[in-house]
Amino acid sequence: MMKRRKTIALLTALTLLLVLAAGCGSRETEQDASGPIPAENQPSPAVQPEAGPPESETPEEEAPEEEAPAAVPADSQPEETDSESEPEPAPEPEPEPAGEPEPVPEPAPELQPEETLPEDGIYTANVTLEGGTGRASVESPAFLRCEDGKFWATIVWSSSNFDYMKVDGERYDLLNDGGNSTFEIPVAEFDRKLDVIADTVAMSEPHEVEYTLLFDSASLQKQ
């Protein structure tokens, strides 16, 4: 019984060997007939990893990277000018220095009319009195005497209580012994108030009172 089993097993093994041998022969025949397998269809060999440096060797120190120069902003970069397309403008000629301006002749001074002195004689002119208490007054028009171009006015007061007058600090005494007080004083100019002082004895004591006299030139008439 055991021998029989061994015999069956051997036969089976031989049969398999024959089958395998037949298959291999057919494959070799097919490869010879079809030619070599194209490289693109051949399996690519496995990529072998590159061998790194041995552990015992120390890696070389890497050189420090150089710093790249800082980028210049576009605004600060000088603009390129196309010197070929735009020619430089020709320099403007310098203006010639102007000559000295001609002196403007000064206008000739207007000839002033010669001052004509009034004729000597007796005149009259309106006179206005201001100042004091307002009670006193003087006769108007007053008589004026002209001598060498200078006028002297005869002032007749409305009162007999004045005993002297002062003009520019100069004292002028009475011309009459009775009646209204009368004085002759100089007239420096017309149409301007003339400061005078008249001393009155109407009070308990003599008292100087300040007045102004204004002689009107428009009313001046020769007698």
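Residues take numbers from 1 onward in each chain, read along the sequence in its written order. Under the rules for a predicted model, residues below a pLDDT of 70 receive no local features and side-chain atom pairs below 80 are neither given nor counted, while totals for whole chains, interfaces and linings still include all residues. Excluding hydrogens and water, the side-chain figures rest on all heavy atoms present in the structure.

### A short note on the overall build of the protein chain
Each helix is a run of DSSP H or I of at least 4 residues and each strand a run of E of at least 2, with the numbering of both proceeding from the N terminus. When its secondary structure is counted, the protein chain shows one helix and ten strands. Along the protein chain, helices and strands appear, N-terminal first, in the series α-β-β-β-β-β-β-β-β-β-β. We call a residue buried when its accessible area falls under 20% of the maximum for its residue type, exposed when it is over 50%, and partly exposed in between, using a 1.4 Å probe and counting protein chains only. In the protein chain, which comprises 223 residues, the proportion classed as buried is 17%. Within the protein chain, counting contacts between residues at least 6 apart in sequence, those at least 24 apart form 51% of the total. Accessible area of the protein chain: about 19,700 Å², with a carbon and sulfur share of 53%. Only heavy atoms enter the contact rule, under which two residues are in contact if any of them lie within 4.5 Å. Note on areas: Shrake-Rupley with a 1.4 Å probe; residue coverage comes only from the protein chains shown.

### A look at the nonpolar core
The nonpolar side chains of a soluble globular protein tend to be buried with one another. Among buried residues, the Ala, Val, Leu, Ile, Met, Phe, Trp, Tyr and Cys ones that are joined through side-chain atoms within 4.5 Å form a nonpolar core. Ranked by size, the top nonpolar core spans 27 residues in total, and within it Leu 144, Trp 157, Ile 185, Leu 213 and Phe 215 carry the most contacts. If you list the elements that add at least two residues to this core, you get β1 (121-125), β2 (127-131), β3 (142-147), β4 (150-156), β5 (162-167), β7 (182-187), β8 (194-200) and β9 (207-215). With four residues, β9 is the single largest residue contributor to this core. Sequence-distant contacts of Trp 157, that is, excluding residues within four places in its chain, are made with Leu 129, Ala 136, Ser 137, Val 138, Phe 162, Met 165, Asn 180, Ser 181, Phe 183, Ala 198 and Tyr 211.

### Observations regarding the packing of aromatic side chains
Pairing of aromatic rings covers Phe, Tyr and Trp, the last through its six-membered ring, and needs centres within 6.5 Å; plane angles under 30 degrees mean stacked, over 60 mean edge-to-face, and all others mean tilted. A complete count under the given rule lists seven aromatic pairs for this structure. Their ring planes at 75° and their centres at 6.5 Å tell us that Phe 162 and Tyr 211 sit as a pair that is edge-to-face. Note that Phe 162 is positioned in strand β5 and Tyr 211 in strand β9, a separation of 49 residues in sequence. An identical accessibility class is assigned to Phe 162 and Tyr 211; each is buried. Ring geometry for Phe 190 versus Phe 215: centroids 6.4 Å apart, planes at 75°, classification edge-to-face. Residue Phe 190 is located in the loop between β7 and β8, and its partner Phe 215 is located in strand β9; the two are separated by 25 residues in the primary sequence. Classification of Phe 190 as buried rests on a relative accessible area of 19%. Clustering of aromatic rings is evident, with ring pairs tying together Tyr 123, Phe 151, Phe 190 and Phe 215. Looking at Arg 171, its charged tip hangs above the ring of Tyr 164, at a distance of 3.9 Å from the centre. Sitting over a ring, as applied to charges here, requires NZ of Lys or CZ of Arg to be within 6 Å of the ring centre and within 35 degrees of the ring normal.

### Examining the sheet that holds β9
The antiparallel open sheet is built from five strands, whose spatial order is β2-β9-β8-β5-β6. Since the sheet does not close on itself, it has two edges, and those belong to β2 and β6 (170-173), each with one partner. The sheet shows a mean angle of 30° between the axes of neighbouring strands, direction not considered. Strands are treated as partners if at least two bridges between them are detected by DSSP. For β2 and β9, the ladder comprises five bridges, and the chain directions are antiparallel. Within β9, the residue paired with Thr 128 across the bridge is Leu 214. Helix axes are fitted only over the stretch in contact, all axes being lines through C-alpha atoms; the angle between N-to-C directions runs from 0 to 180 degrees.

### Digging into the sheet that holds β1
On the basis of which strands lie adjacent, the open sheet formed by five strands has the order β7-β4-β3-β1-β10 and antiparallel pairing. Looking at strand neighbours, the two that pair on one side only are β7 and β10 (221-222), the edges of this open sheet. Of the strand pairs in this sheet, β4 and β7 are connected by six bridges, and their pairing is antiparallel. For Thr 154, the partnering residue across the bridge sits in β7 and is Glu 184.

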